[in-house]
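Structural overview
What follows is each chain in one-letter form.
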Amino acid sequence: MSSCALLEPSPSEPHIASPQAAGGKYRNITPQDQSTGGFIKSLRLAWKFAFDKPKHTVPEGDIPVQPITRAQLLAAQDGTVFRMGHSTILLKLNGAFWLTDPVFSDRASPFQWLGPKRFHQPPISIEDLPPIKGVILSHDHYDHLDEDAIRRLAAKTEHFLTPLGVGDRMIAWGVDPAKVQQLDWWQSTQVGGVEFVATPAQHFSGRGLRDTNQTLWASWVIYGGGEKGKDGLRIFFSGDSGYFDGFKAIGDKHGPFDLTLMETGAYDKQWPYVHMQPEETLQAHLDLRGNWLLPIHNGTFDLAMHTWHEPFDRITALAKAQGVAITTPCMGEPLQVRNPHAGSAWWLTVDGQKALADAAGLPRKPGGDLSACATPGTPLR
């Protein structure tokens, strides 16, 4: 579903001299084992996705979403994080707003009539957002790079920070080239007093059949709220990645991190190279020397064969067993990076809503049961 468009144009190739490129395409640090791949396997996976999906990959009840207003955002403290859904995070740093991988469309697909459909609406619309200082992109797959969202954000966003080649796509969509910065791994830039470092990830790219790995993918280190290495905040955004020793290299060079925003979802044993199992997510967080872990890339789209709530179940159990501080805020619920709360096990209430409502002959609560969301200081269990 991430690479299913037939006619998506290929980006230009001004960055192919990057050390990450070979033979006209970008590559990972660790070569992929090709022995279990191939076209036939891809066809079998596509068939299973289309006709043999297990039960409960989509929630029966409504995901609780805490609505956000522009006034609330403007009044929020510096160092506040809001989860919008999937891998879209709104951060307030140095008095300005930043968005990671903004996806606001109903489907993670080149078509709005086909493909994975959102489980919930975003907590705030693009039109209601205050001016955005910068958008940070990890790669060009449809569940991370939303063309409609980029077009709508273009006028109200000052800067777009992307891995090599991804910015070319946005320029082709009408974004002012002067707003776009494209970084290779380990390159950095400062915008509005916040430093961003594009760091390695183990993944792939492409939006069509002809452009595989013609743009780079990346994770991001974010320094905000003070001087690097002193009282400033350190945040890590994983983007999409399989587990690899690059996490330890990033942790050694840029850690420790106050908060890691870590991919935890859309995994499967059939594609271990490009997405992490929850056990690997936890280990990556430890490699990064993270303090608090916020699992993302879950709860919004059906992109794998596991149940929709399994990523939350597994990562919270693993974190508890290993004494790792984890936070699971509801969509739209504010989180202070300097003083996080653990969130709540809100996903446990979702499917039960339908059963309770059906038994009582009542309609489900629109927007989910907000009483399941935590308030700052509320324990997870």
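Let me sum up the structure you'll find in this document. On a predicted model such as this, the values are computed, not experimentally measured, just so you know. (Residues numbered from 1 in each chain as written. Predicted model: local features only at pLDDT ≥ 70, side-chain atom pairs only at ≥ 80, totals over all residues. Heavy atoms only, no water.)

1. Here we look at the nonpolar core
Counted only if it meets this: Nine residue types can take part in a nonpolar core, namely buried Ala, Val, Leu, Ile, Met, Phe, Trp, Tyr and Cys, and a core is a set of them joined through side-chain atoms within 4.5 Å. Three labels apply to residues, based on accessible area from a 1.4 Å probe with only protein chains included: buried if under 20% of the type maximum, exposed if over 50%, partly exposed otherwise in between. Every helix listed is a DSSP run of H or I at least four residues long, and every strand listed is a run of E at least two residues long, numbered separately from the N terminus. Any two residues whose heavy atoms approach within 4.5 Å are treated as being in contact.
Counting 34 residues, the largest nonpolar core has Leu93, Trp98, Phe196, Trp220, Leu259 and Leu261 as its most contacted members. Put simply, the parts of the chain that give this core at least two residues each are strand E4 (88–93), strand E5 (96–100), strand E10 (194–199), strand E11 (219–224), strand E12 (233–237), strand E13 (257–263) and strand E14 (290–296). Apart from residues lying up to four places away in sequence, Leu261 is in contact with Ile89, Ile235, Phe236, Phe237, Ser238, Leu294 and Ile296. Counting residues in hydrophobic clusters, the runner-up holds 26 residues, among them Ile68, Phe97, Val135 and Leu137.

2. Remarks on unusual backbone geometry
Across the junction of Gly255 and Pro256, the peptide omega takes the value 0°, indicating a cis bond. Tracing the chain through its elements places Pro256 in the loop between helix H5 (246–254) and E13. Even without being a glycine, Trp186 presents a positive backbone phi close to 75°. On the secondary structure map, Trp186 appears in the loop between strand E8 (180–183) and strand E9 (188–191).

3. Structural notes on the packing of aromatic side chains
Heads up, the condition is: Under the pairing criterion, centres of Phe, Tyr and Trp rings, with the six-membered ring standing for Trp, must be within 6.5 Å; the plane angle then separates stacked pairs below 30 degrees from edge-to-face pairs above 60, leaving the rest tilted. Look at NZ for Lys and CZ for Arg. If either is within 6 Å of the ring centre and within 35 degrees of the ring normal, a charge sits over the ring.
Evaluated as defined, the whole model comprises 11 aromatic pairs. Summarising the aromatic geometry, the rings of Phe312 and Trp347 are spaced 5.0 Å apart at their centres and angled 20° between planes, so their arrangement reads as stacked. Residue Phe312 is located in helix H7 (residues 310–322), and its partner Trp347 is located in the loop between strand E16 (334–336) and helix H8 (350–360); the two are separated by 35 residues in the primary sequence. As far as burial versus exposure is concerned, Phe312 and Trp347 are alike and both buried. An aromatic cluster is defined as three or more aromatic residues linked by ring pairs; in this entry it consists of Phe236, Tyr243, Phe244, Phe247 and Phe257. One Lys or Arg, Arg207, reaches over the ring of Tyr142 and ends 3.9 Å from the middle of that ring.

4. A word on H7
So the rule is basically this: One less than the number of residues in a helix, times 1.5 Å, gives the span that helix is expected to have. In this description, one arc is meant: the one made by directions from the helix axis to the C-beta atoms.
With 13 residues, H7 should cover 18 Å at 1.5 Å per step; its first-to-last C-alpha distance of 18 Å lies within 8% of that length. Looking at H7, one finds that the buried residues are Pro311, Phe312, Ile315, Thr316, Leu318 and Ala319. All buried residues of H7 project into a common sector of 160° when viewed along the axis, lining one side. Those residues of H7 that are exposed and angled more than 90 degrees off the buried face are Lys320 and Ala321. Contacts from the buried residues of H7 go to strand E3 (80–85), helix H6 (278–287), E14 and strand E15 (325–326). Following H7 by one or two positions, Gly323 adopts a phi angle in the positive range, close to 70°.

5. Considering the packing of H6 against H7
Counted only if it meets this: Helix axes use the C-alpha atoms of the stretch in contact, all axes being lines fitted to C-alpha atoms, and the angles between their N-to-C directions lie in the range 0 to 180 degrees. With respect to orientation, any angle under 35 degrees is reported as roughly parallel, any angle over 145 as roughly antiparallel, any angle of 65 to 115 as roughly perpendicular, and every other angle as oblique. Two helices crossing with the near one rotated counterclockwise from the far one by less than a right angle form a left-handed crossing, whereas a clockwise rotation gives a right-handed crossing. Residues are grouped as follows: nonpolar covers Ala, Val, Leu, Ile, Met, Phe, Trp, Tyr, Cys and Pro; charged covers Asp, Glu, Lys and Arg; every other residue, Gly included, is treated as polar.
Orientation of H6 relative to H7, taken along the N-to-C sense of each, is 50°, at an axis distance of 9 Å. Compared by their axis directions, H6 and H7 come out oblique. Of the two elements, H6 crosses H7, and the hand of that crossing is right-handed. Residue-level contacts link Pro278, Glu279, Thr281, Leu282 and Leu286 of H6 to Arg314, Ile315, Leu318, Ala319 and Gln322 of H7. Considered class by class, the residues forming the contact of H6 with H7 number 6 nonpolar, 2 polar and 2 charged.

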